[in-house]
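# Chain and residue survey
Each chain, written out:
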Amino acid sequence: MKYYNTLIFELSKQGRIGYNIEERKIPEVSLPSHLLRGTKADLPEVSELDVVRHFTNVSQKNFGVENGFYPLGSCTMKYNPKINDELATLPGFANIHPLQPEHTVQGLLKIYYDLQSMLSEISGLKAYSLNPFAGAHGELAGLMIIKAYHEKNRDFKRNKIIIPDSAHGTNPASATVCGFETIEIKSNPDGTVNLEALKAVLNDETAGLMLTNPNTAGVFEKDITEISRIVHEAGGLLYYDGANLNALVGKAKPGDMGFDITHINLHKTFSTPHGGGGPGSGPVGVCEKLVEFLPNPVVRKNDHGYYMDHAQDSIGALGLFYGNASVYLRAYVYILTFGQEHLSNIGPMAVLNANYIKDSLKDLFELPINGHCLHEFVFDGLKDQSTGVKTLDLAKRLLDYGFHAPTVYFPLIFSQSMMIEPTEVESKETLDQFIAVMRKIVKESLETPELVKTAPHNTIVRRLDEAKAARQPIVKFKDIK
Amino acid sequence: MHKYLPHTREDIEAMLKVTGASTVDDLFSSIPKKLRLTKPYNIPHQLSDEALTKHMKNLANQNQELIIFRGAGAYDHYTPSIVKAIISRQEFLTSYTPYQPEVAQGTLQYIFEYQTMVCELTGMDVSNASMYDGATATAEAMFMAHAQTDLDTILVSETMNPRTIDVIKTYAHYRNLKVIVVPMKNGQTDLEAVTHLIAGKMGLIVQNPNYFGIIEDLHGYSDVIHQAGGLFIINSEGQALSLVKSQGEYDADIACGDLQSLGLPLSFGGAYLGYLATKMKYVRKMPGRICGVTTDVDGKRAFVLTLQAREQHIRRAKANSNICSNQSLMALAVTVYLSAMGKEGLVKVANESMKGAHYLYTKLLQTKKFDILFNQPFFKEFVLKAKFDVNAFEQACLAKGILGPLHLGEGKLLFAVTEKRTIEEMDQLVELVVNLV
């Protein structure tokens, strides 16, 4: 990587252009000037090559999945197949207006319908709406469904959502956005639900329980059937956060476990690119009694073909149109490249990879949870912490060796969390290289701890002064000048 | 074997040995037996790359690519080839949220450039790194106003896109907030009605240009709203901001809207992106990621996510919003597009769109088959009331490969014209009107 330190605005030269637009010979329009902007937006003036070279240089300051191993726990950083990108952007998809008559978009509607059905089959839920734009948006949709369900039953007291302390931050944040009060319960030492703690808070104000399964420590909720029973007995609904669904692909269905609602992160389990933070996609699925509440629209089929159904009791619209269509197309292609013959191998291979890394390194790292993990696991820092090397240092040192860091300091239930998720796409050779580098870093931590504590050394920039950025926020080019 | 699953049988055996399990199944012993699947999914068979390509092309062919005179929130503007080329680079496409800034300077830098461009367009102090779309960005703006004022009712102009209003209502309902739609007057938001209603409300949301394409005159609003203690929120789509008075110039508190019109394909409604920008004094109420500048230990300029104590991964239930994934790659597309168009090109695109819309408007009126509904200044969209069967017109358009205007009910037709529509295409549409029986 080279340290390219130029902003596009710093390349600007008055009069230079990077566009080619026809000016039609039709009359100019003049509008009342008090409705128009006083000065032009100060955008860069650069040539097309300037733009291309600039963003190529900028791109090279990033680490992507194709650069190397990306063991970011809970993020499921798989290979994003090229064919998915190619087929999802065919002109017959890319150039379609969202408000075209249904008979002119039957191909797209068929894909929606089939993807809804495939997600139903994979998760064991009755029906899906693809609308939510991301995992957190799916959570919000699911929570709205929970609220709509209780409202329809005129059960207005139910305003509390129970969430284990091992959950992703989006869970409690989504509950707040949906107007619920969050009740956080303390987990067992392995991050699973503490049944006694759960029983203690279940009552006639319980709207539902949000659960990630396997949880953020990669552990399956062994008591899930009992959890489901007592939550439902208390009148609550059970929400499945699909962030970790990858572990279960081929092995188990959330619907069979008693979950009423799920969201699925297509950008995790179904390999759509993370895009540096989005776009994602978080289709929301429900059991039979909740189908009427799904966000509008849901694609259905009748004798005339596919159509968009707007249900009366739906929670309503969650976006201008129908979610991130270009993301669904990729997920659809991805599922078909596996088909029923191979899809069921995803979970098993992901789980094998995670266990292999864990068991190859557990002699050197604190392993807070014994036994087999599922798709990911957590180390709680080094076994030998005598030299003061922390999880953050280990993560930064990994960057020096050409690996992305694991997720660090999450889940919050361990103080030195280092959460590793290899996914099913990595070969034994890649995992062996990673294991060897991890062992080398441990050795460095004990012999030359300063080297690790001051890492990274080989990246284009080194540790950043984050406090400075927050103290005097510089959030646009003009703030620099 | 499968091309995305690399393990050979020997690999699996060697790895199992390390784990102490005798089969891969044994690794799943924590899942109760009765919950474990015993048969493959009932999904289609695997398709080879060739078969899959044929299958997808066949499905793509079942969607009609049309000559588009429809907008209503999604616009058929031209996109230079470089946009797709740049956003297809795997360094951008496949990377995660930039939580490890030393190896994510690429993402962070373009976010910073994107924020700068959004601030330029809107005249605001600070932008976040993107929202899902224009409607959800507007709903989040409502939450900001709620957090700032602690009041629970928002005013929304009737001239907004009804789809945006629907989303605002969904978000408001579940957060126990109330939405009052302010009736319009001759196609514009009614300042008198706003003045009458604003007391005790968290603020007003208007769209400019509005749903009917009309460029609203928003002078006087900020005084009325600010005197009442509310926030002024203006939703504008990106392309329009190159011409119409910006949110900053109207002294609005929050700027929001959709940026699909700046270089993103129509793609059946997504992925697009919303933007959200505000005055610095409200930054701590803002949702989403914000990128800032700092230095590394060697004093080099670098970019980093900042002011994160607003966000869900730190604040959990007390966060400003639940947003985590945003539409980052789309923000990159917009940044590349705006770089290529630049200061002059962007204005040209908007001007050509506006010229086309006015050309078509004049020609359509000359057919004498329409009534003028609103006599107001407009940008690239306009509404005319048809004196003919609008369904027959839509069918006649489709038969010629044209996506005609959107029918708003009662014969009101919402037309959109971008710089991509040629004079011939516009004349053809007019011809279809003339030939209607």
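The shown structure was predicted, so the numbers you read here are calculated from the model rather than taken from an experiment. (Residues numbered from 1 in each chain as written. Chains lettered and ligands numbered in written order. Predicted model: local features only at pLDDT ≥ 70, side-chain atom pairs only at ≥ 80, totals over all residues.)

### Considerations on the overall build of chain A
Quick note on the threshold: To qualify as a helix, a DSSP run of H or I must reach at least 4 residues; to qualify as a strand, a run of E must reach at least 2; elements of each kind are numbered from the N terminus. The globule rule is 2.2 Å times the number of residues to the power 0.38, and the radius of gyration it is compared with is taken over C-alpha atoms. Buried residues are those with 20 or more other C-beta atoms within 10 Å of their own C-beta, exposed residues have 12 or fewer, and partly exposed residues lie in between; C-beta atoms are placed from the backbone. Note on contacts: each residue gets a C-beta atom placed from the backbone, and two residues are in contact if those atoms are within 7 Å.
Counting secondary structure elements, chain A contains 15 helices and 12 strands. Computed over the C-alpha atoms, the radius of gyration of chain A is 25 Å, within 12% of the 23 Å expected from 2.2 N^0.38 for a compact globule of 481 residues. Taking the principal axes of the C-alpha coordinates as reference, chain A spans close to 75 × 65 × 45 Å. Relative to its full complement of 481 residues, chain A shows a buried share of 59%. Contacts in chain A between residues at least 24 apart in sequence constitute 72% of all its contacts with a sequence separation of at least 6.

### Things to note about the sheet that holds strand 1 (residues 127-129) of chain A
Residue and element names in this part refer to chain A. In plain terms, the rule: Paired strands are those between which DSSP finds at least two bridges. Between N-to-C directions, angles span 0 to 180 degrees; the directions come from axes that are lines fitted to C-alpha atoms, helices contributing only their stretch in contact.
Spatially, seven strands are ordered 1-7-6-5-4-2-3 in an open sheet, and the strand pairing comes out mixed. Lying at the two open borders of the sheet, with one neighbouring strand each, are strand 1 and strand 3 (181-185). Taken pair by pair, the neighbouring strands of this sheet meet at an average axis angle of 25°, ignoring direction.

### Some remarks on the domain arrangement of chain B
All names here are of chain B. Where we set the bar: Domains are outlined according to an automatic or database domain assignment. Amino acids outside the nonpolar list (Ala, Val, Leu, Ile, Met, Phe, Trp, Tyr, Cys, Pro) and the charged list (Asp, Glu, Lys, Arg) are all regarded as polar, and Gly is one of them.
Examined at the domain level, chain B breaks down into domain 1 (67-77 + 342-434) and domain 2 (98-336). Taken over C-alpha atoms, the centre of domain 1 sits 28 Å from the centre of domain 2. Residue-level contacts link 20 residues of domain 1 with 21 residues of domain 2. Ranked by residues supplied to the side of domain 1 that touches domain 2, first place goes to helix 11 (residues 328-366) with four residues. In terms of residue class, the side of domain 1 that touches domain 2 is made up of 14 nonpolar, three polar and three charged.

### Let's talk about the sheet that holds strand 13 (residues 370-372) of chain B
All names here are of chain B. Taking strand neighbours across the sheet as the criterion, the four strands line up as 13-14-17-16 in an open arrangement whose pairing is antiparallel. The open sheet has two free edges, formed respectively by strand 13 and strand 16 (406-407), since each of these has just one partner strand. Pairing between strand 14 (residues 381-386) and strand 17 (residues 412-416): five bridges, direction antiparallel. Its bridge partner being in strand 17, Lys385 is matched across the sheet by Lys412.

### Examining unusual backbone geometry
All names here are of chain A. Pro279 follows Gly278 through a cis peptide bond whose omega is 5°. Structurally, the position occupied by Pro279 is in the loop between strand 6 (261-263) and strand 7 (284-286). Residue Pro456 is reached from Ala455 by a cis peptide bond, and omega for that bond is 0°. For Pro456, the location among the structural elements is in the loop between helix 13 (449-453) and helix 14 (466-471). One non-glycine residue, Ser271, lies in positive phi territory at about 65°. Within the secondary structure layout, Ser271 lies in the loop between strand 6 and strand 7.

### Looking at the nonpolar core
Going by this rule: As used here, a nonpolar core is made of buried Ala, Val, Leu, Ile, Met, Phe, Trp, Tyr and Cys residues. They are joined through C-beta atoms within 7 Å.
In terms of nonpolar packing, the biggest core is built from 297 residues, with A:Ile145, A:Tyr328 and B:Ile233 touching the most fellow members. When residues in this core are grouped by element, the largest group, 20 residues, is from helix 11 of chain B. If we ignore the near neighbours within four places in the chain, the residues touching A:Ile145 are A:Ile261, A:Val286, A:Leu290, A:Phe293 and A:Ile315.

### Looking at helix 11 (residues 391-400) of chain A
Along an α-helix, residues three or four positions apart point the same way, because every turn accommodates 3.6 residues. Residue and element names in this part refer to chain A. Most of helix 11 is tucked away: eight of the 10 residues are buried. By the burial criterion, the buried members of helix 11 are Thr391, Asp393, Leu394, Ala395, Lys396, Arg397, Leu398 and Leu399. Looking at the buried side of helix 11, the elements it contacts are strand 11 (407-408), strand 12 (417-420), helix 12 (428-447) and helix 13. Taken from the residues just after helix 11, Gly402 is the one with a positive phi, measuring 85°.

### Remarks on the packing of helix 5 (residues 135-152) of chain A against helix 6 (residues 170-177) of chain A
Residues and elements named next belong to chain A. Rules: Throughout this description, any angle smaller than 35 degrees is read as roughly parallel, any larger than 145 degrees as roughly antiparallel, any in the 65 to 115 degree range as roughly perpendicular, and the remainder as oblique. Each crossing gets its hand from how the near helix is turned against the far one by less than a right angle, where anticlockwise is left-handed and clockwise is right-handed.
Packing of helix 5 against helix 6 brings their axes to within 9 Å, and their N-to-C directions diverge by 45°. Here helix 5 lies oblique to helix 6, going by the angle between them. Helix 5 and helix 6 meet at a crossing whose hand is right-handed. Residues Gly135, Ala136, Glu139, Leu140 and Leu143 of helix 5 form the contact with helix 6, whose participating residues are Thr170, Asn171, Ser174, Ala175 and Val177.

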